[in-house]
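Topology and contacts: notes
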Amino acid sequence: MSTLGPSPVGWLVIPLSLVVVFLVLALTIVYFRSCYSYWSSRGIGSPDPIWGLGNLYPRLRPTMSLAEFDQWLYRDCGGSRFCGFYEFTQPVLMVGDPELLKHVMIRDFDHFCDRSFVTFNDPVMDHMLLGLKGSVWKRVRSVMTPTFSSGKVKQTLGLVSDCAANLITYFINKLDLNVSVFEMKDVYGMFTMDTIASIAFGVSSDSLNNTQDEFSAAAARFFAEPQPWQKPLLWLQWCAPQLTRSLGLGSLSRTPIHFFSKVVSDTINYRLKHQLRRNDFLQLLLDASLQEKTNNNDKNNTKNKTSSQHKDGEGNTSNGKAKQGGRQPRVKLVDGQQTRPSCEEDADSGPAPEGQRKSCNAADKASEAAEPVLTEEVITAQCVLFYMAGYDTTATTLSFVSYCLALHPAVQQKLMEEGERVLAAHDNVLTYDALQEMPYLDMVFSETLRLFPPAPRVDRRCTKEYTIPGTHITIAPDTKITIPIYSIHRDARYFPDPDRFDPERFSGEGRSRPSPAVYMPFGSGPRNCIGKRFALMEAKLVMVLLLQEFALLPCRRTQVPIALDKSSGLLKAEQGVWLRLAKRVAE
């Protein structure tokens, strides 16, 4: 029997597999070289990336907080003007130059009107104002802006005062039990949770005394540390939102979101059924929704009337001019003042630039025949956003204000005396007007927010091709732009001795207040923080009441200087903010 030799096909198996491996490696090299030559090919400097990770290694490990990472890019890589870097394979442009920031955030806003925001693939989360884009954002923002006017914020002060009184009582009871050292962020977090439950959801929560409260438990689940299996999804959502949207992937637990949605729905139905009103954020949104429906009905009636007149040959008078009243005026009355129902003027930003006005007007015309903006789903989304944006950031700000006051007793004494003096002039009642009469309080908060802005950076996304002024460098559509707020606030060119706590920087006496181009703890331009007024009112009110009862003092667990949390995207103390409270002795 003859023995057959090896098949020639067998000899080809190993060489073919090597060819496949070689091709895969070659394509991988070409891909990464193409990705990581993006900025150099455009004449923009960037630090050397690690293939696959880009420049994110210090954040993934993590060895740097987000603020420290931005400081490195800002100081060492050219970000104080502008520089490129990579989030995995996504090119990102950091802009730190004040003049260029004016273009990005205000003057040329129509090129950068969108935020870079995670897609959650959830009907509530994806309707939040923070993540809306283009004309949809403009419509929702224009309807919501009057909700955060000074007059409307003033209406909520009573509910905030009730929650603040509970916080003061909590501290008094603890001191009576000889407990005087607190992690201030946690305690303030319980206060802001109760405040938002009352203001945004219309429910009573007492997390200061009952951490097992149903609302508190849902909130705790919402902000819980992600499980190991969720973290890759979070990064994928951040870096490849289109892919996660297409695959329908999401990293958030739906349980707390469904809970919040049910709370809002039940509260709305109960108020409508029993014709009840309450001075809170939810009621303001319901009123805005009702006003919007009324305006839309008026427009439809006007259009129908005009159409009928044309059909009857009555559309014009004998001299060829249109009859007066054929179209409702663009100006409507809000709180006794004339306000345009568009985004031509923002509550905090003033008149919008010309480019934005054009795009807004186009959006307004398109929206006139559109469906109502403030549906129940959109209202629910804004209530959840109110919670997301207001819970942690306000608690963090209050904890850092307390920290700065504890380390600077002369500032604390001066602030306490200002509060005493103004309260005496208002019969010891802390009103909204009384808060406006405390300039030193505003200076202390402004300086704390300069040193410790809750969001160390904000993002924008280029929506159409843009040439950087004074250069031939072009930014392509869909490019992410990062504004390093923390780094700009710590730049000695704008704030001499930038690491020193000095409220007098904001006095306006003898030296001008910092330019909005270099001081923006709430962002800048038409997409700044819509809840700025409420957040400041809430935090200032608490601090005034607190200093009338207690002195803030450092303790053995107080960290000086404070270290920043390396895993959070917000500005937080790594080991918490530990302080001692002592009752003030009446003189």
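Residues numbered from 1 in each chain as written. Predicted model: local features only at pLDDT ≥ 70, side-chain atom pairs only at ≥ 80, totals over all residues. Heavy atoms only, no water.

1. So, the overall build of the protein
Summing up its helical and strand segments, the protein has 20 helices and 13 strands in all. Relative to all contacts within the protein whose residues are 6 or more apart in sequence, the contacts with residues 24 or more apart total 72%. Of the roughly 28700 Å² of accessible surface on the protein, a fraction of 55% belongs to carbon and sulfur atoms. (Helix = DSSP H or I, 4+ residues; strand = E, 2+ residues; numbered from the N terminus. Contact = heavy atoms within 4.5 Å. Areas by Shrake-Rupley, 256 points an atom, 1.4 Å probe, with all protein chains shown as cover.)

2. Focus: the nonpolar core
Phe171, Phe201, Phe260 and Met543 are the most contacted members of the largest nonpolar core, which has 150 residues in total. In this view, phenylalanine 171 contacts Phe182, Met184, Val187, Leu546, Phe550 and Leu581; residues no more than four positions away in its chain are not counted. (Core = buried A, V, L, I, M, F, W, Y, C linked by side-chain atoms within 4.5 Å. Buried < 20%, exposed > 50% of the residue type's maximum accessible area, 1.4 Å probe, protein only.)

3. Topic: the pairing of strand 1 (residues 82-87)
Among the 6 residues in strand 1, 6 count as buried, and that is most of the element. The side-chain alternation of strand 1 yields two buried faces, one formed by Phe82, Gly84 and Tyr86 and the other by Cys83, Phe85 and Glu87. Across 6 bridges, the pairing between strand 1 and strand 2 (residues 90-95) is antiparallel. Counted as the bridge partner of phenylalanine 85 is valine 92 from strand 2. The hairpin turn running from strand 1 into strand 2, its antiparallel successor, is 2 residues long, and phenylalanine 88 in that turn takes a positive phi close to 60 degrees. (Pairing = 2+ DSSP bridges.)

4. Details of the pattern of salt bridges
Enumeration over the complete set of coordinates arrives at 25 salt bridges. Ionic pairing is found between glutamate 447 and arginine 450, a salt bridge with its closest N-O pair at 2.9 Å. Taken together, the positions of glutamate 447 and arginine 450, both in helix 18 (residues 439-451) and 3 residues apart, correspond to about one turn of that helix. Pair check on accessibility: glutamate 447 and arginine 450 agree, each one buried. Of the charged contacts in the structure, one is a salt bridge between arginine 500 and aspartate 497, with a shortest N-O distance of 2.9 Å. Owing to a relative accessible area of 45%, aspartate 497 belongs among the partly exposed residues under this scheme. (Salt bridge = Lys/Arg side-chain N within 4 Å of Asp/Glu carboxyl O.)

5. As for the sheet that holds strand 11 (residues 480-483)
Pairing within the open sheet is mixed, and its 4 strands lie in the order 1-2-11-8. Here the strands that pair on one side only, and so sit at the sheet edges, are strand 1 and strand 8 (458-461). Sheet twist, expressed as the average angle between the axes of neighbouring strands with direction ignored, equals 30 degrees. Pairing of strand 2 with strand 11 involves 3 bridges; the strand directions are parallel. Looking across to strand 11, one finds that methionine 94 is bridged to threonine 482. Packed onto the sheet, helix 4 (residues 98-107) meets strand 1, strand 2, strand 8 and strand 11 and runs at close to 125 degrees relative to strand 11. (Axes fitted to C-alpha atoms, helices over the stretch in contact; angles between N-to-C directions.)

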